[in-house]
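Each chain is listed here by its residues.
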Amino acid sequence: MRRVAAFAAITAIGFAVGKLSGLAREMLVSAQFGLSADLDAYLIALTVPTIINNVIAGGTIVAAMMPTLSRYLAQGDRAGFWRAASVVTNILLLVTGGLTIVVMALSAPVIALVGGGFAEPVQQTAARLLVITMPTLALGALLNMLLVILNALDRFVAPALIFLALNVGIIVAVIVLAPSMGIYAVAWGFLIGVGLQVALQFIELQRERPHYFFVLDWRHPALPEVWRAFVPIAALSVIAQINLVVDKAMATTLPTGSVSALYYADAILGLFYMLGTSLGIGVFPSLSRSVAVNDLAGTGQAVTRTTRMLIFVLAPLTLLLIVFAAPTIGLILGRGKFDAAAVGMTASALGMYAIGLIALAVLGIVQRAFYALSDSVTPFVVGAAAMLLHIALNLILMQPLLHAGIALSASISTILGMVVLVVLLARRLPNVQIAELGGYLLRCGAIALGGTLVVTIGFDALQMDVTTGLGRIGGVIFAGIGGVIYFGLALAWRVPESRMVLRWALGLLRREGRE
């Protein structure tokens with residue numbers, strides 16, 4: 001766990017820097033374009049390479065390849081490791097390169113399929129934006145293969161900087177090009193940012209003295225193993241992308257700005273569930289190696305400890321984001337063309353998304369545990385059921401809640417899917433105790449509720465207007481105080497994770513003092 005914590009800390013710090021730069025990016029883009037039709041067109045265009053990448057070349061290939069590459073390393077077969085990685089990379093680039101060319105040639109009908117609710121001029125803009133962003137599919141495939149190779153080798157610094165690289169590309173492009181190119185500057189910035197991401201991984205990979213094989217070996221022994229894992233994981237990713245497409249397609253039928261409001265709310269939520277992403281990335285190689293040596297007890301213990309840490313950190317954030325969504329969104333994005341109406345739309349979506357914050361973070365850990373066990377079918381079946389539930393809930397909740405109903409539907413389906421997977425995982429792994437985790441969630445939830453009630457009552461007593469800058473700053477400050485109260489109560493109630501965090505913080509301060 002110390003090893004996992006170290007890797008997760010590197011990833012979390014890098015992601016935190018990336019997310020802060022992401023805030024700067026969103027501030028810049030939202031001030032420039034607000035919740036406009038142009039921004040909606042860009043987000044729909046970006047959906048296409050993102051969906052394809054996620055299905056065949058994103059987290060899918062990472063999850064499918066990690067157990068295989070970990071087995072080569074566990075056996076001390078570095079030459080086999082590099083050849084297997086090279087073969088899969090070459091095949092993946094061949095497939096994604098071909099898809100990139102096809103989609104660029106058919107950009108107009110593709111946009112008509114995913115953004116049919118838009119007016120014709122918006123669809124035309126989206127089609128042109130798709131031509132610019134589509135090459136990121138092949139670049140993203142290369143990026144994710146580099147990420148899985150580096151993670152398998154316990155190298156996490158360059159992978160942790162991917163968000164920073166992407167955001168730098170977008171920020172610079174918007175500043176330099178937006179006055180003359182408008183929304184197209186954002187698309188070019190995205191392409192440049194992905195290129196920077198790839199370059200960073202190559203720099204760190206050189207430290208491992210890689211051996212690249214320029215071959216297409218369709219009979220390589222690793223391919224059947226990767227393929228068996230890839231198919232159900234890709235199918236699960238297809239389900240996730242169907243959810244994404246359905247959400248955006250349904251949102252295009254709602255008032256203008258609904259697509260952008262959902263996007264911004266999810267982006268802000270990402271600042272907080274990045275801890276789950278960091279822990280998932282950090283623990284995945286260890287889970288795979290534990291399973292490779294048949295240490296199921298250690299695997300279950302790692303899952304339990306990471307899940308408890310996620311619950312401890314995210315319980316107060318869930319409640320505080322729900323209560324203080326409006327001042328949070330207002331302070332981060334409320335400037336330029338992002339007016340009070342845009343803040344209100346985005347805040348309502350953020351509050352609904354926040355309900356599923358813990359489940360979303362834990363889901364990443366639990367799915368990776370199944371992948372480490374070479375079981376990608378179970379997450380697929382559960383994910384398919386959750387998708388059907390999500391679509392049904394969209395139809396029900398969109399009527400009274402508009403775009404916020406879509407966000408609430410996503411939270412409900414994510415929570416139920418996570419619960420089912422945890423129950424099923426507990427049957428496979430020792431040390432994953434459902435009753436213990438449930439009791440711990442209630443314990444942290446009760447402490448978080450106490451801290452949130454205190455700051456909510458205090459903030460309401462001041463009667464601050466959250467549409468003003470002062471009110472927004474006050475709301476965020478009170479939310480921070482709520483987090484401090486939660487931590488103090490957790491220490492008083494002797495929650496083990498609170499003392500773990502305190503020891504880590506004190507150790508960090510001592511090291512800083514010695515330096």
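Provided above is the structure to which this section pertains.
Since this is a predicted model, take the numbers as computed values, not measurements. (Residues numbered from 1 in each chain as written. Predicted model: local features only at pLDDT ≥ 70, side-chain atom pairs only at ≥ 80, totals over all residues. Heavy atoms only, no water.)

### Observations concerning a nonpolar patch on the surface
A surface patch of nonpolar side chains, about 610 Å² in accessible area, is lined by Val-168, Val-172, Ile-175, Val-176, Trp-188, Ile-192 and Leu-196. For the nonpolar patch, the secondary structure elements donating two or more residues are helix H9 (162-181) and helix H10 (184-205). Among the elements that take part in the nonpolar patch, H9 stands out by supplying four residues, more than any other. As for its position among the elements, Ile-175 is in helix H9. Exposure remark for Ile-175: the relative accessible area of 53% places this residue in the exposed category. (Patch = residues over 30% accessible without salt bridge, like charges linked within 9 Å, V, L, I, M, F, W, Y side chains within 5 Å. Areas by Shrake-Rupley, 256 points an atom, 1.4 Å probe, with all protein chains shown as cover. Salt bridge = Lys/Arg side-chain N within 4 Å of Asp/Glu carboxyl O. Helix = DSSP H or I, 4+ residues; strand = E, 2+ residues; numbered from the N terminus. Buried < 20%, exposed > 50% of the residue type's maximum accessible area, 1.4 Å probe, protein only.)

### Section: the packing of helix H7 (residues 136-152) against H10
Direction vectors running N to C along H7 and H10 enclose 30°, while the axes themselves pass 9 Å from each other. What the angle tells us is that H7 and H10 run roughly parallel. For H7 against H10, the interelement crossing comes out left-handed. Here Thr-136, Leu-139, Gly-140, Leu-142, Leu-143, Leu-146, Leu-147, Ile-149 and Leu-150 of H7 come into contact with H10, specifically with Phe-190, Leu-191, Val-194, Gly-195, Gln-197, Val-198, Gln-201, Phe-202, Glu-204 and Leu-205. In terms of residue class, the contact of H7 with H10 is made up of 13 nonpolar, five polar and one charged. (Axes fitted to C-alpha atoms, helices over the stretch in contact; angles between N-to-C directions. Parallel < 35°, antiparallel > 145°, perpendicular 65-115°, else oblique. Left-handed = near helix turned anticlockwise from the far one by under 90°. Contact = heavy atoms within 4.5 Å. Nonpolar A, V, L, I, M, F, W, Y, C, P; charged D, E, K, R; others polar.)

### A look at helix H13 (residues 296-323)
An ideal rise of 1.5 Å per residue puts 40 Å on 28 residues; H13 measures up with 40 Å between its terminal C-alpha atoms. Bending of H13 peaks at approximately 35° at the position of Leu-314, with proline Pro-316 no more than four residues after it. (Expected span 1.5 Å × (residues − 1). Bend = angle between axes of the 7 residues up to and from the residue.)

### Some remarks on the nonpolar core
Among soluble globular proteins, nonpolar side chains are generally buried collectively. Counting 142 residues, the largest nonpolar core has Tyr-42 and Ile-149 as its most contacted members. Once residues lying within four places of it in the same chain are set aside, the contact partners of Tyr-42 are Leu-129, Thr-133, Ile-183, Val-186, Ala-187 and Phe-190. (Core = buried A, V, L, I, M, F, W, Y, C linked by side-chain atoms within 4.5 Å.)

### Comments concerning the pattern of salt bridges
Enumeration over the complete set of coordinates arrives at seven salt bridges. Two residues, Arg-71 and Glu-225, come together in a salt bridge whose shortest N-O distance is 2.4 Å. Taken together, the residues Arg-71 in helix H3 (residues 59-74) and Glu-225 in helix H11 (residues 222-251) connect sequence positions 154 residues apart. Arg-71 gets classed as partly exposed once you look at its relative accessible area, which sits at 28%. On the basis of relative accessibility, which here comes to 23%, the residue Glu-225 falls in the partly exposed class. With its nearest N and O atoms 2.6 Å apart, the salt bridge here joins Arg-155 to Glu-208. On the criterion of sequence distance, the pair formed by Arg-155 in the loop between H7 and helix H8 (157-160) and Glu-208 in the loop between H10 and H11 is long-range, its members being 53 residues apart. Residue Arg-155 is classed as partly exposed on the basis of its relative accessible area of 21%.

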